[in-house]
Amino acid sequence: MNDVEKLTKDTIANGGVLAMLYFDIHAKTKELVQELGTGFINSVIQRPGVVFAVGEIDEPIGGEEGKNWSSSIALKVLTKDFANLAAICMAHSPYTVEILRPDEIKMPLAEAHTLLGTMSAITAEYKRYILTKLSKPDELARLQDNLKTRAEMGKKIMKKGEK
């Protein structure tokens, strides 16, 4: 058994997940598609919780008559756990995901809490971004007041928990 297979088996035995993620990428030039794809793969490799990742960028197509160039990226990634795989999917939106191993996902409650917290944080960030870009000034002021009220409620809850 080679080193990569041993690392994969050991990681999966400890809750890891091996998956194929598929992405599409677009840019104005063929070279830029390849550069963006390479940079993207490298950014995933460096994410916390990634044990290893190997990506392949298809030959870019298109570019006729002022159209963008397009390509697909196939990324095989081994993560320490399902929550890290989910975080990659939430951050980068692959168009499809195929879990290669294990055959079944079992998740400790602490990992489920982490996953739900990550999902909530990312969703909140998207909502905030969309609302601040699309809201009129009076709507934005109401949203900020609601956030202040929620923060005050959170402080009260935290103080109760400290007692």
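Given the structure is predicted, the values throughout are model-derived calculations rather than measurements.

Student: I'm lost on the overall build of the chain in this one. Help?
Tutor: Within the chain, the secondary structure is distributed over 5 helices and 5 strands. Relative to its length of 163 residues, the chain is extended, with a C-alpha radius of gyration of 21 Å against a globular reference of 15 Å. Across the 163 residues that make up the chain, the buried fraction comes to 25%. Looking at the chain as shown, the accessible area adds up to about 11,400 Å², and 57% of this sits on carbon and sulfur atoms.

Student: Quick question: what am I supposed to make of the packing of aromatic side chains here?
Tutor: The final tally for this structure, using the stated rule, is 2 aromatic pairs. When the ring of Phe-23 is compared with that of Phe-40, the centres are 4.7 Å apart and the planes differ by 70°; the resulting orientation is edge-to-face. Separated by 17 residues along the polypeptide, Phe-23 in strand β1 (residues 17–27) and Phe-40 in helix α2 (residues 30–45) bring together distant segments of the chain. For Phe-23, a relative accessible area of 4% gives the class buried. Judged by relative accessible area, which is 16%, Phe-40 ranks as buried.

Student: Looking at this model, I keep getting lost on the side chain of Ser-135. Mind explaining?
Tutor: Looking at the secondary structure, you find Ser-135 in the loop between α4 (109–134) and α5 (137–162). Since its relative accessible area comes to 17%, Ser-135 is described here as buried. Separated by 2.5 Å, the side chain of Ser-135 and the backbone oxygen of Leu-131 make a polar contact. Filtering out sequence-adjacent residues up to four positions away, Ser-135 remains in contact with Leu-140 and Leu-143.

Student: Whenever I open this one, the nonpolar core confuses me. Can you help?
Tutor: Nonpolar side chains tend toward joint burial in soluble globular proteins. With 17 residues, the main nonpolar core has Leu-21, Leu-75 and Val-77 as its most contacted residues. Listing elements by their share of this core, those giving two or more residues are β1, α2, β2 (50–57), β4 (69–79) and α3 (82–92). If you tally residues by element for this core, the top one is β1, at 6 residues. Not counting residues within four places of it along the chain, the set of residues in contact with Val-77 comprises Val-17, Leu-18, Ala-19, Leu-21, Val-50, Phe-52, Ala-53, Leu-85 and Ile-88.

Student: How do you make sense of α4 when you look at a structure like this?
Tutor: Helical geometry: 3.6 residues make up each α-helical turn, so side chains three or four residues apart lie on a common side. For α4, built from 26 residues, the straight-helix expectation of 38 Å at 1.5 Å per residue is met to within 8% by its first-to-last C-alpha distance of 37 Å. Within the sequence span of α4, burial applies to Glu-111, Ala-112 and Leu-115. Residues of α4 that are buried in the fold lie against α3.

Student: Would you take a moment to explain the packing of α3 against α4 for this structure?
Tutor: The relative placement of two packed helices comes down to the angle between their axes together with the axis-to-axis distance. As a packed pair, α3 and α4 sit with axes 9 Å apart at the nearest point and diverge in direction by 10°. Relative to α4, the element α3 is oriented roughly parallel. Packed against α3, whose contacting residues are Phe-82, Ala-83, Ala-86, Ala-87, Met-90 and Ala-91, the element α4 presents Glu-111, Leu-115, Thr-118, Met-119, Ile-122 and Tyr-126 at the interface. Of the residues contributing to the contact of α3 with α4, the split by class is 10 nonpolar, 1 polar and 1 charged.

Cut-offs applied
- By convention here, each chain's residues receive numbers from 1 onward along its written sequence.
- In keeping with the predicted nature of the model, local features appear solely for residues at pLDDT of at least 70, side-chain atom pairs appear and are counted solely at 80 or more, and the whole-chain, interface and lining totals rest on all residues.
- Only hydrogens and water are set aside when side-chain values are computed; all heavy atoms of the structure are taken into account.
- Each helix is a run of H or I in the DSSP string that is no shorter than four residues. Each strand is a run of E no shorter than two, and both are numbered from the N terminus.
- For this measure, only C-alpha atoms enter the radius of gyration; the expected value for a globule follows 2.2 Å times N^0.38, where N is the number of residues.
- Three labels apply to residues, based on accessible area from a 1.4 Å probe with only protein chains included: buried if under 20% of the type maximum, exposed if over 50%, partly exposed otherwise in between.
- For the accessible areas, the method is Shrake-Rupley and the probe is 1.4 Å, while residue cover comes only from the protein chains on display.
- A pair of aromatic rings is counted whenever rings of Phe, Tyr or Trp (Trp by its six-membered ring) have centres within 6.5 Å, and the orientation is called stacked for planes under 30 degrees apart, edge-to-face for over 60 and tilted otherwise.
- Pairs of N or O atoms within 3.5 Å make up the polar contacts considered here, provided that, within protein, one atom can donate a hydrogen while the other can accept it, and that residues adjacent in sequence are counted only when both atoms are side-chain atoms.
- Note on contacts: a residue pair is in contact if any heavy atoms of the two residues lie within 4.5 Å.
- Throughout this description, the term nonpolar core refers to a set of buried Ala, Val, Leu, Ile, Met, Phe, Trp, Tyr and Cys residues connected via side-chain atoms within 4.5 Å.
- A helix is expected to reach a length of 1.5 Å times the quantity of its residues less one.
- Fitting a line to C-alpha atoms yields each axis, with helices limited to the stretch in contact; the angle taken between N-to-C directions then spans 0 to 180 degrees.
- Angles below 35 degrees are treated as roughly parallel, those above 145 as roughly antiparallel, those between 65 and 115 as roughly perpendicular, and all remaining angles as oblique.
- Residues are grouped as follows: nonpolar covers Ala, Val, Leu, Ile, Met, Phe, Trp, Tyr, Cys and Pro; charged covers Asp, Glu, Lys and Arg; every other residue, Gly included, is treated as polar.

Function cannot be read off these values alone, since they describe shape.
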